[in-house]
Every structure is written in C-alpha cells, then in structure tokens.
Amino acid sequence: MSDVEELLNQGLLSEENGVSAETRALLTSESFSEIVNYQEDTLIVTQGGGEPDALYFTISGVFHAISHANEQAPQRLLGRIEPGEFIGEVTLFDSETKASASVKAMRNASALKVTPESFGAFCKSHPAQALEFVSSLAKGLASRLSAANEKVL
C-alpha cells in the first residue's frame, strides 16, 4: 500500500467507512486523480467565485474554510479541515453551484484531486468501487449536515 493510500485509509476513504484497499488504489492512480501540493496561504476554493473544479481529499497539512457575508464584512472561520477530510464535494454532483465558502491551505499541505471528468471515467470503468466511493462520500455529507444541525438547534 502506498503512503497516499495509507493516509487516505485514515479518513473518509477508510476501510472503516466501507472503502476497500482496491478502491483506494484505483482512486490514487494517475488515471483518476492527482496529488497537489500547496504552499501556506494558497486559496484552493474561492467563495462565490467560479465553479469549484474538483473534489479534494486532504492528505496532509491543515486547511481553513472561511466565509464572509459580503466584501465589506470580515472573514469568519467556519472550520478547520484536517487530513482525511474532503473539500469541494458539490462539484461532482452540481457543476453549476458556486462555492459557499473559501478554503485556504494554512500550512504546507497536500490533497488528492478528483475532477468531475475523472470521477465519471471511474464510475464507468469501476462501478462497484464507485459505489463504495459515493457511499462513503454520502456518509461524510450526512455527518456534516448533522453537525450543522447541532450548531443551529
């Protein structure tokens, strides 16, 4: 198992979350993803900007999700995104949606980048593994929704 596969096994794409080693190996292949390294203070996603370009699984470093009501309002920290978490998931399901928050690398960081095109190719060529992947992503989204509800209620 590669270092990247091992790191991903500790997060959303873990065996604990129903994602097999085979699926992680396929996802981390050059055919379906790429590893991107970011310097400190690099903006990955811009709130309200162009459509996000990919789904990212964080491998190392720390990212911050930040938001502001308008350009005059101060930025507000929404949360820390640590290794094993994901960014830009809406991209895979709705390419028309603009980012609701900005995401910035706070330390030298890396992420596995999966574009909508490579995700589509993955689904066509490996449907069983794609189901594992999407099921795990759905669990992660459900967990985020539950956490958001807790904050509001």
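As shown above, the structure is provided for reference.
Here the structure is a predicted model, which means the values were calculated and not measured. (Residues numbered from 1 in each chain as written. Predicted model: local features only at pLDDT ≥ 70, side-chain atom pairs only at ≥ 80, totals over all residues. Heavy atoms only, no water.)

(A) Up close: the packing of aromatic side chains. Tallying each qualifying case throughout the model produces 5 aromatic pairs. Geometrically, the ring pair formed by Phe 122 and Phe 133 is edge-to-face, given 6.3 Å between the ring centres and 70° between the ring planes. Of this pair, Phe 122 sits in helix α4 (residues 116–125) while Phe 133 sits in helix α5 (residues 127–152), placing them 11 residues apart in sequence. Across the pair, exposure class does not vary: Phe 122 and Phe 133 are buried alike. Taken together, the ring pairs in this structure connect Phe 32, Phe 57, Phe 119, Phe 122 and Phe 133 into an aromatic cluster. The side chain of Arg 144 reaches across the aromatic face of Phe 86, ending 3.9 Å from its centre. (Phe/Tyr/Trp six-rings, centres within 6.5 Å; stacked < 30°, edge-to-face > 60°. Helix = DSSP H or I, 4+ residues; strand = E, 2+ residues; numbered from the N terminus. Buried < 20%, exposed > 50% of the residue type's maximum accessible area, 1.4 Å probe, protein only. Lys NZ or Arg CZ within 6 Å of the ring centre and 35° of its normal.)

(B) How the structure looks around α5. Look at α5: 37 Å from first C-alpha to last across 26 residues, which is about the 38 Å you get at 1.5 Å a residue. When we look at burial in α5, the residues that qualify are Gln 129, Ala 130, Phe 133, Ser 136, Leu 137 and Gly 140. Considering only its buried residues, α5 is in contact with α2 (21–27), β3 (55–60), β6 (86–87), α3 (90–93) and α4. (Expected span 1.5 Å × (residues − 1). Contact = heavy atoms within 4.5 Å.)

(C) Seen up close, the sheet that holds β3. The strand order across the open sheet formed by 4 strands is β1-β8-β3-β6, and the pairing between neighbours is antiparallel. Each end of this open sheet is capped by a strand with a single partner; those strands are β1 (34–38) and β6. As paired strands, β3 and strand β8 (residues 109–114) are joined by 5 bridges and run antiparallel to one another. Each residue of the ladder has a partner; that of Leu 55, found in β8, is Val 114. (Pairing = 2+ DSSP bridges.)

(D) Structural context of the environment of Ser 102. Of note, Ser 102 is situated in strand β7 (residues 102–105). Here Ser 102 falls in the buried class, since its relative accessible area comes to 8%. For Ser 102 and Ser 20, which are 82 residues apart along the polypeptide, the C-alpha to C-alpha distance reads 31 Å. Not counting the four nearest positions on each side in its chain, Ser 102 is found in contact with Leu 43, Val 45, Thr 46, Gln 47, His 64, Ala 65 and Ile 66. A distance of 2.8 Å separates a polar atom in the side chain of Ser 102 from the backbone nitrogen of Gln 47. (Polar contact = N/O pair within 3.5 Å; in protein donor to acceptor, adjacent residues only side chain to side chain.)

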